Amino acid sequence: MHLYLKNKFLYIKDYKIKCSIGKRGLTKEKTEGDHKTPRGIFNFKFVLYRSDKIKYFRTGIRKIKIKKNFGWCDDPKSKFYNKLINFPFKKSAEKLYVKKNFYDLILVLDYNSNPVVKNKGSAIFLHISSETLSPTRGCLAVKKKDLLKILPFITKKTKLFIS
């Protein structure tokens, strides 16, 4: 079962889900901090979640509970660029344990991961959107109820097509 992004909608099975993307649109030439969503075909590596806010969900990929010290390195000069890290951390990294709910559930895409290319972009996720589906800094985002609805269909073989 695959997901397809087309015209700011995610399609899976019989579902058509409104989706927000990077505020500067889609690109084949992603760079760090450009606020664009990369085009391509991606797998889902694992799901990160806040166990204090999301009690139960089913999925076919590995689940990792977000701890208070979790972050994602967005510093191209770091050897941990585009990787899950623990704070304290000397380089730049995005906190994953935040008050707002958009990181309560994060599907990590295999974008720029094997090999990692410096400055090609980091922290590209499918996560919970704002209520108004406001644009992201490069991720894809859908409403929480929609993300919970599609999670059971996501397996190691699921691909996300962004065109």
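Here we come to the environment of Cys19. Here Cys19 shows up in the loop between strand S3 (15-18) and strand S4 (26-27). According to the relative accessible area criterion, Cys19 is buried, its value standing at 2%. Residues Cys19 and Ser134 lie 115 residues apart in sequence; the distance between their C-alpha atoms is 9.3 Å. Residue contacts for Cys19: discarding those within four places in its chain leaves Leu5, Lys8, Phe9, Leu10, Leu133, Leu140, Ala141 and Val142.

This part is about the sheet that holds strand S10 (residues 93-95). Pairing is antiparallel in the open sheet, where 3 strands are placed in the order S9-S8-S10. Looking at the sheet topology across the chains shown, the edges are occupied by strand S9 (84-86) and S10. Neighbouring strand axes in the sheet, compared pairwise and without regard to direction, differ in orientation by 40 degrees on average. In terms of strand pairing, strand S8 (residues 70-73) meets S9 through 3 bridges, oriented antiparallel. Counterpart to Phe70 in the pairing with S9 is Asn86.

What follows concerns a positive patch on the surface. Taken together, the side chains of Lys45, Arg62, Lys83 and Lys118 define a basic patch exposed on the protein surface. Within the secondary structure, Lys118 is located in the loop between strand S11 (105-109) and strand S12 (125-128). We classify Lys118 as partly exposed; its relative accessible area is 41%.

This brings us to the pattern of salt bridges. Counting across every chain of the model gives 5 salt bridges. Residue Arg50 is joined to Asp52 by a salt bridge in which the shortest nitrogen-to-oxygen separation is 2.8 Å. According to the relative accessible area criterion, Arg50 is buried, its value standing at 5%. A relative accessible area of 39% means that Asp52 is categorised as partly exposed. As a salt-bridge pair, Glu94 and Arg137 come within 2.9 Å of each other at their nearest N and O atoms. Of this pair, Glu94 sits in strand S10 while Arg137 sits in the loop between S12 and strand S13 (140-142), and the two are 43 residues apart along the sequence. Here Glu94 falls in the buried class, since its relative accessible area comes to 15%.

Cut-offs used in this document
Residues numbered from 1 in each chain as written. Predicted model: local features only at pLDDT ≥ 70, side-chain atom pairs only at ≥ 80, totals over all residues. Heavy atoms only, no water. Helix = DSSP H or I, 4+ residues; strand = E, 2+ residues; numbered from the N terminus. Buried < 20%, exposed > 50% of the residue type's maximum accessible area, 1.4 Å probe, protein only. Contact = heavy atoms within 4.5 Å. Pairing = 2+ DSSP bridges. Axes fitted to C-alpha atoms, helices over the stretch in contact; angles between N-to-C directions. Patch = residues over 30% accessible without salt bridge, like charges linked within 9 Å, V, L, I, M, F, W, Y side chains within 5 Å. Areas by Shrake-Rupley, 256 points an atom, 1.4 Å probe, with all protein chains shown as cover. Salt bridge = Lys/Arg side-chain N within 4 Å of Asp/Glu carboxyl O. Lys, Arg positive; Asp, Glu negative; His and termini not counted. Charge placed at Lys NZ, Arg CZ, Asp CG, Glu CD.

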